[in-house]
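So you can see what is in the structure, the chains are spelled out below.
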Amino acid sequence: MRQSNQRLRIGGCLVLAAGVLLSQPLGTPAFAQGAESADRMTVMRENEHSFRITRAESVEALVTFLSPTTFRVRILPLEPDTSALPEYVTTKSDESYPPVEVRVDAQPNEVTFNTSAAILNLSLEDQVLSLELRSRDKVLIDSWDIDAGERVARIDLQSAERIYGFGDKRAAMDQRGQKIDIVNRDAFASESNQSYKSVPFYMSSAGYGLFFHNYRPSTFDVGASVKNRLQLKASG
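Note that the structure is a prediction, hence the values are computed from the model and not measured.

Undergrad: Sorry if this is basic, but what is going on with the overall build of the protein chain here?
TA: When you go through the protein chain residue by residue, the secondary structure sums to one helix and 16 strands. Within the span of the protein chain, comprising 236 residues, buried residues form 41% of the whole. Counting only carbon and sulfur atoms, one obtains 51% of the accessible surface of the protein chain, whose full area is about 12800 Å².

Next up, the structure:
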């Protein structure tokens, strides 16, 4: 996810706070979980880019920061995934990106990640990962729920928000109100959203972009079923 037009600024206060927190050995909880507080959320630093978020009887999540304005959110599978990805969806390694200064504030029911350009709030409850994304001066996504059980993500859209992208889709420039299937079809000279150039990526006029890193068929319901909600449904 990328929030555009942000200058790279690392303030001294932010660097100091991140340096103290992130200098702990890998695997050390950012929030200590005691016997009397077993339901609290816990953050573990996996490496210089990634943080694992856990909570008793909930799904686990991995948040990876590739830059101050770019991060990846992943729901971790219950069993290790041993299948090989197709070559066309592989990406360069996280280690090829420079380290990102991140300040972490872990509370019992919420974790906040701060970079120089973005603030990400995150909570876990059963099968649902809930997020809120802000820049330093405005809200980008007020409500974003990822339901691992249903394999669906729901993002509340702002009243005047416009959504652009998804590849060669010709039903409209602004895709709000449309339902887009990320499936390539032979649709020569099509003036609809049927096409053979489907890309699971969109840009929002709210100031962010979202790429769904999944090679299986998926559907973006951009307010077609629920007026002010974008729903992303994955087949796998």
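Having put the structure on the table, let's press on.
Undergrad: Explanation requested: the environment of Arg229 in the structure shown.
TA: With respect to the secondary-structure elements, Arg229 resides in strand β16 (residues 229-234). Sequence separation of Arg229 and Gly177 is 52 residues, and the distance between their C-alpha atoms is 9.6 Å. Setting aside its immediate chain neighbours within four residues, Arg229 contacts Arg154, Ile155, Asp156, Leu157, Asp221, Val222 and Gly223.

Undergrad: I'm lost on unusual backbone geometry in this one. Help?
TA: Peptide bonds are mostly trans, and most non-glycine residues show a negative phi. Even without being a glycine, Glu57 presents a positive backbone phi close to 60°. On the secondary structure map, Glu57 appears in the loop between β2 (50-54) and β3 (61-67). Note on Glu57: relative accessible area 78%, which makes it exposed. Backbone geometry places Asp126, a non-glycine residue, at a positive phi of 55°. Locating Asp126 in the fold gives a position in the loop between β7 (118-125) and β8 (128-135).

Undergrad: What's the story with the pairing of strand β6 (residues 111-114) in this structure? I'm lost.
TA: One face of the sheet, then the other: side chains in a regular strand alternate in exactly this way. Here β6 shows no split at all, with Val111 and Phe113 on one side and Thr112 and Asn114 on the other all buried. In this sheet, β6 lies alongside strand β5 (residues 103-106) in antiparallel orientation, the contact comprising four bridges. Residue pairing across strands places Val104 opposite Phe113, the latter belonging to β6. Counting the residues that bridge the hairpin from β5 to β6 gives four residues. Taking the residues that link successive antiparallel strands as the turn, the β6-β7 hairpin has three residues.

Undergrad: Help me understand the nonpolar core, please; the structure alone is not making it clear to me.
TA: Nonpolar side chains in soluble globular proteins tend to be buried together. Formed by 43 residues in total, the largest nonpolar core has its most connected members in Phe65, Phe113, Trp144, Tyr202 and Phe220. Phe220 has contacts with Phe166, Gln178, Lys179, Ile180, Ile182, Pro200, Tyr202, Leu210, Phe212, Leu230, Gln231 and Leu232, leaving out every residue within four places of it along the chain.

Undergrad: Please explain the pattern of salt bridges as it appears in this structure.
TA: Using the criterion set out here, one finds nine salt bridges in the structure. Put simply, Arg52 and Glu46 hold a salt bridge, and the shortest N to O gap is 3.2 Å. By relative accessible area, which is 33% here, Glu46 ends up partly exposed. With a closest N to O distance of 2.9 Å, Arg72 and Asp94 form a salt bridge. Taken together, the positions of Arg72 in strand β4 (residues 70-75) and Asp94 in the loop between β4 and β5 put the pair 22 residues apart, joining distant regions of the chain. Of the residues examined, Asp94 reaches a relative accessible area of 16% and is grouped as buried.

Undergrad: Just to check I follow, could you spell out the sheet that holds strand β15 (residues 218-222) for this structure?
TA: Within a sheet, each strand pairs with its neighbour through backbone hydrogen bonds, oriented either parallel or antiparallel. Taken in spatial order, the nine strands line up as β5-β6-β7-β8-β9-β10-β16-β15-β12 in an open sheet, and their pairing is antiparallel. Whereas interior strands pair on both sides, the edge strands pair on one side only; in this sheet they are β5 and β12 (179-182). Direction aside, the axes of adjacent strands within the sheet are offset by 15° on average. Bridge analysis of β7 against β8 gives eight bridges, and the strand direction is antiparallel. From the neighbouring strand, Ile119 faces β8, where its bridge partner is Arg134.

Undergrad: I'm lost on the pairing of β2 in this one. Help?
TA: By the criterion of burial, β2 is predominantly enclosed, with four of the five residues buried. Of the pairings in the sheet, the one linking strand β1 (residues 42-45) to β2 comprises four bridges and is antiparallel in character. The residue bridging Thr42 from the neighbouring strand is Thr54, located in β2. Following β1, the chain reverses through four residues before pairing antiparallel with β2. With four bridges connecting them, β2 and β3 associate as antiparallel partners. Along β3, the bridge assignment pairs Phe51 with Val63.

Cut-offs and rules
- Residues numbered from 1 in each chain as written.
- Predicted model: local features only at pLDDT ≥ 70, side-chain atom pairs only at ≥ 80, totals over all residues.
- Heavy atoms only, no water.
- Helix = DSSP H or I, 4+ residues; strand = E, 2+ residues; numbered from the N terminus.
- Buried < 20%, exposed > 50% of the residue type's maximum accessible area, 1.4 Å probe, protein only.
- Areas by Shrake-Rupley, 256 points an atom, 1.4 Å probe, with all protein chains shown as cover.
- Contact = heavy atoms within 4.5 Å.
- Pairing = 2+ DSSP bridges.
- Core = buried A, V, L, I, M, F, W, Y, C linked by side-chain atoms within 4.5 Å.
- Salt bridge = Lys/Arg side-chain N within 4 Å of Asp/Glu carboxyl O.
- Axes fitted to C-alpha atoms, helices over the stretch in contact; angles between N-to-C directions.

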